[in-house]
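Letter by letter, the chains look like this.
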Amino acid sequence: MICFPKYRSSLLLLGLLLFVFAPPAIAADLDDPVALEAFVDGMVRPLMKDKNSPSGTVAIVKDGNLIFAKGYGFESVENQVPVDPYRTLFRPGSVSKLFTWVSVMQLVEQGNLDLDVDVNTYLSSFQIKDTWERPVTLRDIMTHSPGFEDGSLGYLIIDDIADAIPLRDAMERYQPLRINPPGAQTAYSNYATSLAGLIVSNVSGLSFTDYVEQNIFEPLGMRSSSFVEPLPEPLASNMAVTYALEAGAYVEKPFEIISSFAPAGALSSTSTDMVRFAQAILNGGELNGRRILKQSTVDEMLTRNFSHDDRMMGLALGFYEVEENGVRLVGHGGDTAGFHSFLGIDQEHKLAFFVSFGSAGGSAVRMGFAPAFYDHYFPLDEAPPVPPEGFSERAARYAGSYSFWRSNFSTIEKATGMAGQLVVAPTEDNTLLISMGGNSKQYVEVDDNLFRELDSNLSIIQGLAPRLLAFQENEAGEITGFTLDGLPFMSLRKLPVYFTTSFNMGLLGLSMLIFLLVLLRRFYQRAANASLGAGDRSTVRAAVLTATSNWLVMILFGLVMVLVGDQLQGGIPTLVKIWLILPIIATLAGLYLLYRMILVWKNGDLKGFWARLRYTAVALSGLFMAWFYYQWNFLGWQYMA
């Protein structure tokens, strides 16, 4: 169990903030190993304690040398086995994708793949649907702009290897909708990356895991890295245990199985192996005399290939750009349920680093590492922007709710989109206030449709503090979306009112209140209802059935989530499948009540205008609920698992 007194935790966090956000006037010296270790220790240890991350690792290379490698916390909390950066394996998650992209470019070098032809050229057992005139290409996939919807519920990460299916079968079974033409919007896609891995396998004649082992791991001497799941011995015995913090104690969780989508995130590796890979990229594709790519290919991979707005960072081929204090990094982040990682390559300073931290709290540590590192070693003194006078006169065009294009549209997973919306609102200070999940941050107009953060010390998205926002507009000059600095692979769209969380939750709450009043009235006026005519009694019964069925939907949904919600990652539990019957019943009840109310107004039943109006409100609430279930894909069994 990890337990810190509240005052101690607060002091640790305060000390960290003072350390991180008060960089020295003169950049520190990276050639001083003692000072480097003191800095990393001072940044990592307090934040791991405050965020309850049980394990972590950091490795840094510069000018061709490993200048730092250290483990933090425990590989196994129960056995008190400390993390060893040379031995302990972590799960880099989506950092795995970089190995898929390198594999693709190796085959491009050999003339076996073309980045700009239809990917269906390389698929035999199935084809990507031709929803749009323009086909999907590998260049689209490597810039996260193929136009696929997102999806993961019940199949992306599972607990039991016995439930995994071959990569080819998974790509056919879980093919997502194409919601945008290629190149129109960025929407991060695990499916698309896995599809690229399948193409590597098809063209090379090797399984994806064997291909990476033979063509990347072996040449680079990455002896503690594998895409195989479960891990083979002796690697398995060196794997950091996956933990979740429950009731103040670390509880061991199963090794996450991503085999069916292995090219998107199945890698296990040590931090020192990961920086060997990064050093090879820094060297132009070579390490210790072994070459995995030509210099020209690496240059192409690290050159920006796509951006919604060239005033911000964009996407190279597979690698994405991040700016830290005016320095361009290329790399990739990765998050699983158990580990949170980032690999960054700084060509300007000839350095690269890899970090990974365990448990949910590890996300904040990995997010905070690069900003703290660059504030300390490469500080940038930048005055905050000044809000322009009169901005409030044009601010209304930006106001509204926005959602990431990386969303699901065709299954019950669509409903999760209500939880990830960003709200943009003008302020009296001539700024825009961007809010998400109860956190807010102000942005100042600095150019046409371009906004910069007013306070760099605040964050709004899981520790991410986007420095710039660039809004998109259509030919009519209407704002249609925006992109966030640091997230070039996930643009956002402006939502119509009926898609917004406030609209849906507001009417949902009102409808449930009306249903509650119906049930209370029915309970307290049982005797009066007995004297009603047959038609009126049918209407009352329809109202009670509508109210009861909708309340059962909500109550039992909460109960089902408590009982089996944690199982949704690996499959759709039977209780969820049974629960999906209830929205259908509630919808039919609501439609029947609507029919009854048409008869009431036509025949003059339910004596008295106010009585008819009350029951009309109930019918409209039932109609809204029917729309709500339809809108968020709860009518029927709409899931891919």
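Reading guide: rules and limits
Here the residue numbers are simple positions, counted from 1 along each chain's written sequence. Local features in a predicted model are, by the rule used here, given only for residues with pLDDT of at least 70; side-chain atom pairs are given and counted only at 80 or more, and totals for whole chains, interfaces and linings are based on all residues. As a rule here, side-chain values cover all heavy atoms of the structure and leave hydrogens and water aside. A pocket, in this scheme, is an open set of points on a 1 Å grid over the protein atoms alone with protein on both sides within 12 Å along at least 5 of 7 lines, while a cavity is a set where a 1.4 Å probe fits but cannot get out; residues line either one if an atom lies within 4 Å of a point. Grid points are joined across faces, edges and corners, and a volume is the space filled by probe spheres set on the points. Where helices and strands are cited, they refer to DSSP runs of H or I of at least four residues and of E of at least two residues respectively, numbered from the N terminus. Under the scheme applied, nonpolar residues are Ala, Val, Leu, Ile, Met, Phe, Trp, Tyr, Cys and Pro; charged residues are Asp, Glu, Lys and Arg; polar residues are all the others, including Gly. In this analysis, axes come from line fits to C-alpha atoms, helices being fitted only over the stretch in contact, and the angle between any two N-to-C directions falls in the range 0 to 180 degrees. Roughly parallel refers to an angle under 35 degrees, roughly antiparallel to one over 145, roughly perpendicular to one between 65 and 115, and oblique to any angle outside these ranges. The crossing is said to be left-handed when, going from far helix to near helix, the turn is anticlockwise and less than a right angle, and right-handed when the turn is clockwise. Note on contacts: a residue pair is in contact if any heavy atoms of the two residues lie within 4.5 Å. Here, strands pair whenever DSSP counts at least two bridges between them. Polar contacts, as used here, are pairs of N or O atoms within 3.5 Å; protein pairs need one atom able to donate a hydrogen and one able to accept it. Residues neighboring in sequence count only if both atoms are side-chain atoms. Note on definitions: salt bridges are taken to be side-chain nitrogens of Lys or Arg within 4 Å of carboxyl oxygens of Asp or Glu. Burial classes follow relative accessibility: with a 1.4 Å probe on protein chains only, a residue under 20% of its type's maximum area counts as buried, one over 50% as exposed, and anything between as partly exposed. Side-chain rings of Phe, Tyr and Trp (the six-membered ring for Trp) are treated as a pair once their centres are within 6.5 Å; stacked means planes under 30 degrees apart, edge-to-face means over 60, and tilted covers the remaining angles. In this scheme, a helix's expected span is set at 1.5 Å multiplied by one less than its residue total.

Engineer: Please explain the layout of surface pockets as it appears in this structure.
Structural biologist: Over the atoms rolls a probe the size of a water molecule, and its path tells where empty space is left. In this model, the second largest pocket occupies a volume close to 460 Å³. Lining the second largest pocket are 21 residues, with Ile412, Ala415, Phe557, Met561 and Phe634 sitting closest to its centre. For the lining of the second largest pocket, the elements supplying multiple residues, two or more each, are α12 (501-524), α14 (534-564), α15 (574-579) and α17 (609-631). If one sorts the elements of the lining of the second largest pocket by residue count, α14 sits on top with five residues. Broken down by class, the residue content of the lining of the second largest pocket amounts to 19 nonpolar, one polar and one charged.

Engineer: Quick question: what am I supposed to make of the packing of helix α2 (residues 33-51) against helix α11 (residues 362-377) here?
Structural biologist: The geometry of a pair of packed helices is captured by two quantities: the angle between their axes and the separation between those axes. The N-to-C vectors of α2 and α11 enclose an angle of 150 degrees; their axes lie 10 Å apart at closest approach. Compared by their axis directions, α2 and α11 come out roughly antiparallel. Relative to α11, the crossing made by α2 is right-handed. Across the interface between the two elements, Ala35, Leu36, Phe39, Val40, Met43, Val44, Leu47, Met48 and Lys51 from α2 touch Ala364, Val365, Gly368, Phe369, Ala372, Phe373, His376 and Tyr377 from α11. A breakdown of the residues in the contact of α2 with α11 according to their chemical character gives 14 nonpolar, two polar and one charged.

Engineer: Quick question: what am I supposed to make of the sheet that holds strand β18 (residues 450-453) here?
Structural biologist: Backbone hydrogen bonds are what pair the strands of a sheet, in a parallel or an antiparallel way. Taken together, the eight strands give a closed barrel; going around it, the order is β14-β15-β16-β17-β18-β19-β20-β21, and neighbouring strands pair in antiparallel fashion. Going across the sheet, the axis of each strand differs from the next one's by a mean of 30 degrees, ignoring polarity. Taken together, the five bridges between strand β16 (residues 432-436) and strand β17 (residues 439-447) define a ladder with antiparallel strand orientation. Within the sheet, the bridge partner assigned to Met436 lies in β17 and is Asn439.

Engineer: Can you help me understand the environment of Thr272 in this one?
Structural biologist: Note that Thr272 resides in helix α9 (residues 271-282). Sequence spacing of Thr272 and Thr88 is 184 residues, and the spatial spacing of their C-alpha atoms is 9.6 Å. When sequence neighbours within four positions are dropped, the list of residues in contact with Thr272 reads Ala59, Leu66, Ala69, Pro85 and Tyr86. From its side chain, Thr272 meets the backbone oxygen of Pro85 in a polar contact 3.0 Å long.

Engineer: What exactly am I supposed to notice about the pairing of β18 here?
Structural biologist: Side chains on a regular strand alternate between the two faces of the sheet. Here β17 runs beside β18; their pairing, made up of four bridges, is antiparallel. By the bridge assignment, Tyr443 is partnered in β18 with Glu453. With antiparallel pairing between neighbouring strands as the criterion, β17 and β18 make up a hairpin whose turn holds two residues, including Asn449 at a positive phi of roughly 60 degrees. As judged from the three bridges shared by β18 and strand β19 (residues 468-473), these two strands associate in the antiparallel manner. Along β19, the bridge assignment pairs Phe451 with Leu469.

Engineer: What exactly am I supposed to notice about the packing of helix α3 (residues 97-109) against α9 here?
Structural biologist: At a closest axis distance of 12 Å, the pairing of α3 and α9 adopts a crossing angle of 40 degrees. Judged by the angle between their axes, α3 and α9 are oblique. Our pair here, α3 against α9, has a crossing hand that is left-handed. Only Met274, Phe277 and Ile281 of α9 make contact with α3, whose side of the interface consists of Leu98, Phe99 and Val102. Among the residues forming the contact of α3 with α9, the class breakdown is six nonpolar, no polar and no charged.

Engineer: Just to check I follow, could you spell out the side chain of Ser269 for this structure?
Structural biologist: Within the fold, Ser269 resides in strand β7 (residues 268-269). Within the structure, Ser269 has its side chain in polar contact with the side chain of Ser225 (distance 2.7 Å). Those residues in contact with Ser269 that sit more than four places away from it in its chain are Thr88, Leu89, Phe90, Pro92, Met222, Ser224, Ser225 and Met274.

Engineer: How do you make sense of the pattern of salt bridges when you look at a structure like this?
Structural biologist: Any two side chains of opposite charge can pair, so long as their charged atoms come close to each other. Scanning all chains against the criterion turns up 23 salt bridges. A salt bridge links Lys70 to Asp41; its shortest N-O distance comes to 2.9 Å. In this pair, Lys70 sits in strand β2 (residues 65-76) while Asp41 sits in helix α2, placing the two residues 29 residues apart along the sequence. Overall, Asp41 belongs to the buried group, its relative accessible area being 13%.

Engineer: Mind showing me how you'd approach the packing of aromatic side chains here?
Structural biologist: Working definition: an aromatic ring pair is given by the centre-to-centre distance plus the angle between the planes. By the definition in use, this model includes 42 aromatic pairs. Geometrically, the ring pair formed by Phe391 and Phe451 is edge-to-face, given 5.6 Å between the ring centres and 70 degrees between the ring planes. Note that Phe391 is positioned in the loop between α11 and β14 (400-404) and Phe451 in strand β18, a separation of 60 residues in sequence. We note that Phe391, like Phe451, is buried. Ring geometry for Trp601 and Phe609: centres 6.1 Å apart, planes at 75 degrees, overall edge-to-face.

Engineer: Looking at this model, I keep getting lost on α12. Mind explaining?
Structural biologist: Each turn of an α-helix holds 3.6 residues, which means side chains three or four residues apart point in the same direction. Between its terminal C-alpha atoms α12 stretches 34 Å, which fits the 34 Å expected from 24 residues at 1.5 Å a residue. Looking only at α12, the buried set comprises Asn504, Leu508, Ser511, Met512, Ile514, Phe515 and Val518. Considering only its buried residues, α12 is in contact with α14 and α17.

Engineer: It is not clear to me how unusual backbone geometry should be interpreted in this structure. Could you clarify?
Structural biologist: Peptide bonds are mostly trans, and most non-glycine residues show a negative phi. The amide bond that connects Glu229 to the next residue, Pro230, takes the cis arrangement and shows omega of -10 degrees. With respect to the secondary-structure elements, Pro230 resides in the loop between β4 (225-226) and β5 (242-246). That bond from Glu233 to Pro234 is cis: its omega, 5 degrees, falls within 30 degrees of zero. Positionally, Pro234 belongs in the loop between β4 and β5. Positive phi is not limited to glycine here, since Ala247 has a value of about 55 degrees. Tracing the backbone through its elements, the reader meets Ala247 in the loop between β5 and β6 (249-253). A residue is classified by how much of its surface remains accessible, and Ala247, at 82% relative accessible area, is exposed. Non-glycine residue Asn288 carries a positive phi angle of around 50 degrees. Within the element layout of this structure, Asn288 appears in the loop between β8 (286-287) and β9 (290-291). Its relative accessible area of 64% is what places Asn288 among the exposed residues.

Engineer: Looking at this model, I keep getting lost on the sheet that holds strand β10 (residues 320-324). Mind explaining?
Structural biologist: One open sheet holds the seven strands; their spatial order is β3-β2-β1-β13-β12-β11-β10, and the pairing between them is antiparallel. The outermost strands of the open sheet, each flanked by one partner alone, are β3 (81-82) and β10. As judged from the six bridges shared by strand β11 (residues 327-335) and strand β12 (residues 339-346), these two strands associate in the antiparallel manner. By the bridge assignment for β12, Val330 is matched with Ile345. On top of the sheet, α11 reaches β1 (55-62), β10, β11, β12 and β13 (351-358); it is set at about 155 degrees to β13, its chief contact.

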